[in-house]
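Residues per chain, in single letters:
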Amino acid sequence: MTGLLGEMESTNASVAPKRLVATGIGKEFGHVRALAGVDMSVGQREILGLIGPNGSGKTTLLNAITGVVKPDAGSFELEDVSWRWLPPHRIARLGIARTFQSVRLFVGMTVFENVRVAATASLSARAARERALEVMAELGLERHGDQLVENLPYGLRRATELARALAERPAFVLLDEPAAGLDGREAQELGEMLQRIRSEHGCGVVVVDHDVGLIMRSCDSVLVLHEGAVIAHGAPSEVRRDPAVISAYLGS
């Protein structure tokens, strides 16, 4: 597998993974069960919503996929590459990018510098500059390029983090509560952006969010976690009517 993984990393720009699969993912923190045999699958150009009550394991699942935490059980797979755990930088090279609940940007650097740094992971300096400018224009950030990120309003910092993820040319983007702190108009624009990420970048997208309206409008399918376990998975219309989901999360 090592040789295959090295080959996959070196040719990521030209080889596009078809499906990201998590199988039987388990994780405990002390005596607290965070994930209990979770299965998840998302293909390129698919948008999967991941919802559930606070503490249900949503962020832990994203952290396990991206190497932030090491799962106790299960495995991940992209085409014919599989792994239990790899460090985050190697998972990023496989074509998986993410954002976080709390915006994580390089303070003391401008919007442009933040986005360009991400692009330099796989591109030459000139190509990284062009890629950064391209993604910033797409997200409406071009006129803010010279501003320090710590001086931006919250919505623009969220957009900068997303631009940084897209600058890596990922095959899959994992978004952890991207609508948190956004107003109604900004949340609507986010939903439209998810569709553009799918269509224009060819990415598979996993979205964790408590904005149920955003999830139901934007996603092809929805996976629901409760106490670390999957309690429902299906089309948004089916999940919305599922009695177990209504009882555990949506309410009557």
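Figured I'd write up the structure that's included with this text. (Residues numbered from 1 in each chain as written. Predicted model: local features only at pLDDT ≥ 70, side-chain atom pairs only at ≥ 80, totals over all residues. Heavy atoms only, no water.)

Some details on helix α4 (residues 111-119)
The following threshold applies: Each residue gets one of three labels from its accessible area relative to the maximum for its type: buried under 20%, exposed over 50%, partly exposed in between, using a 1.4 Å probe on protein chains only. In DSSP terms, a helix is any run of H or I states spanning at least four residues, a strand is any run of E spanning at least two, and both are numbered starting from the N terminus. As used here, the arc is the angular range of directions from the helix axis to the C-beta atoms. Any two residues whose heavy atoms approach within 4.5 Å at even a single point are treated as in contact.
Taken residue by residue, α4 has Val111, Phe112, Asn114, Val115, Ala118 and Ala119 as its buried positions. Axial view of α4: buried residues confined to an arc of 165°, hence all on one face. Of the surrounding elements, those touching the buried residues of α4 are α5 (125-138) and α6 (154-167).

A closer look at the sheet that holds strand β3 (residues 47-51)
Strands belonging to one sheet form pairs held by backbone hydrogen bonds; the direction of such a pair is parallel or antiparallel. In plain terms, the rule: Two strands are said to pair when DSSP picks up at least two bridges between them. Note on definitions: angles span 0 to 180 degrees between N-to-C directions of axes, and those axes are lines fitted to C-alpha atoms, for helices only across the stretch in contact.
Here six strands make up an open sheet; going across it, the order is β6-β7-β8-β3-β9-β10 and the pairing mixed. Each having just a single partner strand, β6 (96-98) and β10 (229-234) make up the two edges of the open sheet. Neighbour to neighbour, the strand axes of the sheet diverge by 20° on average, direction disregarded.

Digging into the sheet that holds strand β2 (residues 32-43)
Strand order in the open sheet made by the four strands is β2-β1-β4-β5, with antiparallel pairing throughout. With one partner strand each, in any of the chains shown, β2 and β5 (81-83) form the two edges of the open sheet. Within the sheet, the average angular offset between the axes of one strand and its neighbour, ignoring direction, is 15°. Here three bridges tie strand β4 (residues 73-78) to β5, and the two strands are oriented antiparallel to one another. Following the sheet pairing, Leu78 is matched in β5 by Val81.

Considerations on the pattern of salt bridges
Spelled out, the test is: A carboxyl oxygen of Asp or Glu within 4 Å of a side-chain nitrogen of Lys or Arg is what we treat as a salt bridge.
For the structure on display, the rule yields eight salt bridges. We note a salt bridge from Lys27 to Asp72, for which the minimum N-O separation is 3.9 Å. With a gap of 45 residues between them, Lys27 in strand β1 (residues 19-29) and Asp72 in the loop between α2 (58-65) and β4 connect regions that are remote in the sequence. For Asp72, a relative accessible area of 44% corresponds to the partly exposed category. Salt-bridge contacts for Arg185 lead to Glu189; the nearest nitrogen and oxygen are separated by 2.8 Å. Placement of both Arg185 and Glu189 in helix α7 (residues 184-201) is noted, with a separation of four residues, approximately one turn of the helix. A relative accessible area of 38% means that Glu189 is categorised as partly exposed.

Details of unusual backbone geometry
One non-glycine residue, Arg45, lies in positive phi territory at about 65°. Positionally, Arg45 belongs in the loop between β2 and β3. Judged by relative accessible area, Arg45 falls into the partly exposed class, the value being 46%.

Side note on the packing of aromatic side chains
Centre-to-centre distance and the angle between the planes together describe a pair of aromatic rings. To be explicit about the condition: Pairing of aromatic side chains requires ring centres within 6.5 Å, counting the rings of Phe and Tyr and the six-membered ring of Trp. Pairs whose planes differ by under 30 degrees are stacked, by over 60 edge-to-face, and all others tilted. A ring is considered to have a charge above it if a Lys NZ or an Arg CZ atom is located within 6 Å of its centre and within 35 degrees of its normal.
Considering all chains together, one arrives at one aromatic pair under this definition. Note on Phe76 and Trp83: the rings are 5.9 Å apart at their centroids and 35° apart in plane angle, and the pair reads as tilted. The residues Phe76 and Trp83 share a single accessibility class, namely buried. Above the face of the Phe100 ring, Arg104 is positioned so that its terminal group lies 3.9 Å from the ring centre. Above the face of the Phe106 ring, Arg164 is positioned so that its terminal group lies 5.0 Å from the ring centre.

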